[in-house]
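Structural description and commentary
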Amino acid sequence: MQREIKFRAWNIKTKEYNNYVEIYCYLDGSIGFSAGVNNNNPVGNSENFIIEQFTGLKDKNGVDIYEGDKLNNGWKISFKDGMFGFFDNNHHMGINSHMSGFAEVIGNIHEK
């Protein structure tokens, strides 16, 4: 199975998303990143950003679903125990393409 791996970064200061994210893994085990068009955020300035990963799924309108997204059925997408999903009665339930095909992204956990 192959899926597209991509990320977005929520800018805590400006309260907006940067959809252009480059992640760097260094030989010493540290991780850095650049966010924003033309890498307008310096590498390693992670205290200003929350990185969220694409689930590999799309909603019923073809919109990419990321962790942190809110769906119209009340789900808030998260990543826990090695899978993307949502919480139902305090249990983390995995999400799949059949389930996401009936849902619609209506926002995210950062925007009201």
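Right, let's walk through the structure included here. (Residues numbered from 1 in each chain as written. Predicted model: local features only at pLDDT ≥ 70, side-chain atom pairs only at ≥ 80, totals over all residues. Heavy atoms only, no water.)

Counting its regular elements, the protein contains one helix and eleven strands. Its helices and strands taken in sequence order, the protein reads β-β-β-β-β-β-β-β-β-β-α-β from the N to the C terminus. For the protein, contacts bridging at least 24 residues in sequence account for 45% of all contacts bridging at least 6. Split by element, the accessible area of the protein, about 7,300 Å² in all, is 51% carbon and sulfur. (Helix = DSSP H or I, 4+ residues; strand = E, 2+ residues; numbered from the N terminus. Contact = heavy atoms within 4.5 Å. Areas by Shrake-Rupley, 256 points an atom, 1.4 Å probe, with all protein chains shown as cover.)

With that settled, consider the pattern of salt bridges. The full count for this structure, using the stated rule, is five salt bridges. Here Asp69 and Arg8 are joined by a salt bridge, their closest N and O atoms 2.6 Å apart. Of this pair, Asp69 sits in strand β7 (residues 69-71) while Arg8 sits in strand β1 (residues 7-11); the two residues are 61 residues apart in sequence, bridging distant segments of the chain. In this structure Arg8 comes out as buried when scored by relative accessible area, which is 8%. In this structure, Lys58 engages Asp64 in a salt bridge whose closest nitrogen and oxygen atoms are separated by 2.4 Å. Within this structure, Glu4, Lys6, Lys58 and Asp64 form a network of salt bridges that share partners. (Salt bridge = Lys/Arg side-chain N within 4 Å of Asp/Glu carboxyl O. Buried < 20%, exposed > 50% of the residue type's maximum accessible area, 1.4 Å probe, protein only.)

A word on the pairing of strand β10 (residues 91-94). Sheet topology places strand β9 (residues 83-88) next to β10; four bridges connect them, and they run antiparallel. Looking at β10, one finds that Asp88 is bridged to His91. (Pairing = 2+ DSSP bridges.)

What follows deals with the side chain of Glu52. Secondary-structure assignment places Glu52 in strand β5 (residues 49-58). Judged by its relative accessible area of 3%, Glu52 falls in the buried class. Here Arg8 takes part through its side chain, which lies 2.8 Å from a polar atom of the side chain of Glu52. Of the polar contacts made by the side chain of Glu52, one reaches the side chain of His110; its length is 2.6 Å. When near neighbours in sequence (up to four residues on either side) are disregarded, Glu52 contacts Lys6, Phe7, Arg8, Tyr17, Tyr66, Glu67, Gly68 and His110. (Polar contact = N/O pair within 3.5 Å; in protein donor to acceptor, adjacent residues only side chain to side chain.)

What follows is about the sheet that holds strand β8 (residues 78-80). The three strands are arranged β8-β9-β10 in an open sheet whose pairing can be described as antiparallel. Two strands in the sheet have a free side with no partner beyond their single neighbour: β8 and β10. On average, each strand axis in the sheet is inclined to that of its neighbour by 60 degrees, with strand direction left out of account. (Axes fitted to C-alpha atoms, helices over the stretch in contact; angles between N-to-C directions.)

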